[in-house]
Amino acid sequence: MTGHTTGHPTGHTTATGLVGADGAGERLRRWRLVLGGDAADGTGHALSGRDAAMDGALTALYGKGGTPRAGRDRAAGLGASAPAVARWLGDIRTYFPSSVVQVMQRDAIDRLGLATLLLEPEMLEAVEADVHLVGTLLSLHKAMPETTRETARAVVRKVVEDLEERLATRTRAVLTGALDRSARVSRPRHHDIDWNRTIAANLKHYLPEHRTVVPKRLVGYGRASRSVKKEVVLCVDQSGSMAASVVYASVFGAVLASMRAIETRLVVFDTTVVDLTDQLDDPVDVLFGTRLGGGTDINRALAYCQSRITRPAETVVVLISDLYEGGIRDEMLKRVAVMKSAGVEFVTLLALSDEGTLAYDREHAASLAALGAPAFACTPDLFPEVMAAALERRPLPIPDAG
């Protein structure tokens, strides 16, 4: 079947307002928009007005003869013309919601080879910015002309600020609670007593004749906020497939670094290792300090992280990687085992993104699981819970693989 059915978002008809009155005419209209209008669509339904314009925007990207490829069949209408693409970007923002626009932009970049057009400032101003676009810009930023770089930074900063607004408050709240619980002491001073938990822990000692609880165990908090109690090392794979994870890791790294009770280190790696800890006050600087693409040497990166650990029993190492190791596999696993035996809490995330992970080295993941460091994909919304569990050294909230 031909039409708009290959790798596109037209199935989201409810989001675009296509679900309307009942009846055969409405069903034919919807099928006509999905199938793309070739002779084989079988609907015989003609489009007009807004429907025709929407169909034109879809046809420009997805074409009428199967899947177009970059540099080949571009009869669909976008070609490599910046003005044409800019107009098309404006059209899809008019006809589709933001989430669908972002999918179509990614398809345009992947299917029609339009990435180089993002080097033009007017193009960047027209796109709907999201995490995936940031990843594309980071992979291109070394090739950007000077006139485009400031626009690119503005686009990246907008996405980063939106992510911080979405994630920062909850992350701080969840981790502050975890730090307080991990710092709880059993013989607190009077002003450090947590009365709510003390009463709850001593309810069995309630004396009904006196209508009071006699606390046999006081529960309090060590003052975690006054000094660094925990160390967190984020070790992030910056190979091309990990772009979204790099973006989210930079945002979370900045949030963690803003908490006085956590000493945070951010390390990114391919076949080389770069410590970006001194840039954590601005995640945009962190992102432009990365170099997406290239090989992978996890063992070298972990060796660097291991050399910076000063208090193993108070340290959490988070490796974010699809585990395709180009270095020395056995040494990597030995290094993880040594860190864990020293008391380091080791967390392996195959991806830190909304989509999860599509491909990873299953053999390495199984080997890490055997060492007590199960590997799993983590969404940004789940990440605070994972970190809280790691800080408290309780079982991680691993999502169901199904």
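Cut-offs used in this document
Counting starts from 1 at the beginning of each chain's written sequence and moves along it residue by residue. Only residues with pLDDT of at least 70 get local features here, since the model is predicted, and only at 80 or more are side-chain atom pairs given and counted; chain-wide, interface and lining totals rely on the full set of residues. Calculation of side-chain values draws on the structure's entire complement of heavy atoms; hydrogens and water are dropped beforehand. Numbering of helices and strands runs from the N terminus, with a helix taken as a DSSP run of H or I at least four residues long and a strand as a DSSP run of E at least two residues long. Take the residue count of a helix, subtract one, and multiply by 1.5 Å to get its expected span. Three labels apply to residues, based on accessible area from a 1.4 Å probe with only protein chains included: buried if under 20% of the type maximum, exposed if over 50%, partly exposed otherwise in between. Working definition: a ring pair exists when centres of Phe, Tyr or Trp rings (six-membered ring for Trp) sit within 6.5 Å. Plane angles under 30 degrees give stacked, over 60 give edge-to-face, the rest tilted. A pair of strands counts as paired when DSSP detects no fewer than two bridges linking them. Angles here are taken between N-to-C directions and fall from 0 to 180 degrees, while the axes themselves are lines fitted to C-alpha atoms, restricted in helices to the stretch in contact. It only takes one pair of heavy atoms within 4.5 Å for two residues to be counted as in contact. Working rule for handedness: look at the near helix, and if it is turned counterclockwise from the far one by less than a right angle, call the crossing left-handed; if clockwise, right-handed. Ten residue types, Ala, Val, Leu, Ile, Met, Phe, Trp, Tyr, Cys and Pro, are classed as nonpolar, four, Asp, Glu, Lys and Arg, as charged, and the remainder, Gly among them, as polar. Any angle that is under 35 degrees is reported as roughly parallel, and any over 145 degrees as roughly antiparallel; angles of 65 to 115 degrees are reported as roughly perpendicular and all others as oblique.

Help me understand helix H9 (residues 243-257) in this model?
Along an α-helix, residues three or four positions apart point the same way, because every turn accommodates 3.6 residues. An ideal rise of 1.5 Å per residue puts 21 Å on 15 residues; H9 measures up with 21 Å between its terminal C-alpha atoms. Burial of H9 is extensive: 14 of the 15 residues sit out of reach of the surface.

Honestly, the packing of aromatic side chains in this entry has me stumped. Any pointers?
How two aromatic rings sit relative to each other is set out by the distance from centre to centre and by the angle between their planes. Applying the stated criterion to the full structure yields 1 aromatic pair. An angle of 40° between the planes, with centres 4.5 Å apart, marks the rings of phenylalanine 252 and phenylalanine 383 as tilted. On the criterion of sequence distance, the pair formed by phenylalanine 252 in helix H9 and phenylalanine 383 in helix H14 (residues 383-392) is long-range, its members being 131 residues apart. By relative accessible area, which is 1% here, phenylalanine 383 ends up buried.

Please explain the sheet that holds strand E7 (residues 273-275) as it appears in this structure.
As a general point, the strands of a sheet are linked pairwise by backbone hydrogen bonds and lie either parallel or antiparallel. The 6 strands lie next to each other as E7-E6-E5-E8-E9-E10, forming an open sheet whose pairing is mixed. The sheet terminates laterally at E7 and strand E10 (375-378), the two strands that pair on one side only. Shown here is a sheet whose adjacent strand axes are inclined to one another by a mean of 25°, direction ignored. As paired strands, strand E6 (residues 262-269) and E7 are joined by 3 bridges and run antiparallel to one another.

Could you clarify how one ought to interpret the side chain of threonine 136 in this entry?
Note that threonine 136 resides in helix H6 (residues 131-140). Judged by relative accessible area, which is 16%, threonine 136 ranks as buried. Leaving out residues up to four positions away in the same chain, threonine 136 has contacts with Ile109, Ala115 and Leu118.

Just to check I follow, could you spell out the packing of H6 against helix H7 (residues 146-182) for this structure?
Two measures define how a pair of helices packs: the angle their axes make with one another and the distance between the axes. Direction vectors running N to C along H6 and H7 enclose 145°, while the axes themselves pass 10 Å from each other. Considering only the axes of H6 and H7, their crossing is left-handed. Along the contact surface, H6 presents Val131, Leu133, Val134 and Leu137, while H7 presents Ala152, Val155, Val156, Val159 and Leu163. Of the residues in the contact of H6 with H7, the class split is 9 nonpolar, no polar and no charged.

How should I be thinking about the packing of helix H11 (residues 298-307) against helix H12 (residues 329-341) in this particular structure?
Taken N-terminus to C-terminus, the directions of H11 and H12 make an angle of 25°; their axes are 8 Å apart at the nearest point. Taken together, the axis directions place H11 and H12 in an arrangement best described as roughly parallel. When you trace H11 past H12, the crossing you get is left-handed. Of H12, the residues touching H11 (which contributes Ile298, Asn299, Leu302, Ala303 and Gln306) are Glu331, Met332, Arg335, Val336, Val338 and Met339. Here the residues of the contact of H11 with H12 sort into 7 nonpolar, 2 polar and 2 charged.

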